[in-house]
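Descriptive analysis of the structure
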Amino acid sequence: MHEYLVTFHKTVLDDTGHDHRILQRQAVVHARSDVAAAYAAKAMLCEADGVVDWRLRADTCEVVELSQHAA
C-alpha cells in the first residue's frame, strides 16, 4: 500500500472579484493507487460533511504520493 496526501480546494471570489483557492480538507490515505486514494478521500469528505457529492464542498481534488523516505 502507498500513502497519499489528498487535498480539496474551493475557489471563491473576494469583494474585488479576485479568485482565491481555499483549503477545504486534507487527508492522508493508504491505498493501492492514486485513483483509489482519491475515491477514498472523496467518500471521507462526503461522510464528514454530510453531503452526497464532494463537489458541493470543493472544486478540486489533488492527490500526491508521499515519499516513504522523508528527508
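Everything that follows concerns the structure shown earlier in this document.
Since the model is a prediction, treat every value here as computed from it, not as a measurement. (Residues numbered from 1 in each chain as written. Predicted model: local features only at pLDDT ≥ 70, side-chain atom pairs only at ≥ 80, totals over all residues. Heavy atoms only, no water.)

As for the pattern of salt bridges
- With the rule as written, the count across this model stands at five salt bridges.
- The shortest N-O distance in the salt bridge between Lys10 and Asp59 comes to 3.7 Å. Taken together, the residues Lys10 in strand β1 (residues 2-13) and Asp59 in the loop between α1 (34-49) and β3 (60-65) connect sequence positions 49 residues apart.
- Residue Lys10 is classed as partly exposed on the basis of its relative accessible area of 23%.
- In this structure, Arg55 and Asp53 form a salt bridge, with 2.8 Å as the shortest nitrogen-oxygen distance.
- Its relative accessible area of 53% is what places Arg55 among the exposed residues.
- Look at Asp53 and you get partly exposed, because its relative accessible area is 24%.
- Taken together, the shared-partner salt bridges in this structure form one network comprising Arg25, Asp49 and Arg57. (Salt bridge = Lys/Arg side-chain N within 4 Å of Asp/Glu carboxyl O. Helix = DSSP H or I, 4+ residues; strand = E, 2+ residues; numbered from the N terminus. Buried < 20%, exposed > 50% of the residue type's maximum accessible area, 1.4 Å probe, protein only.)

So, the side chain of Thr7
- For Thr7, the location among the structural elements is in strand β1.
- Polar side-chain contacts of Thr7 include one of 3.4 Å to the side chain of Gln26. (Polar contact = N/O pair within 3.5 Å; in protein donor to acceptor, adjacent residues only side chain to side chain.)

Details of the pairing of strand β2 (residues 19-31)
- The pairing of β1 with β2 spans twelve bridges and is classified as antiparallel. Within the sheet, the bridge partner assigned to Thr7 lies in β2 and is Gln26.
- What sits between the antiparallel neighbours β1 and β2 is a turn of five residues, in which Gly17 has the positive phi angle 90°. (Pairing = 2+ DSSP bridges.)

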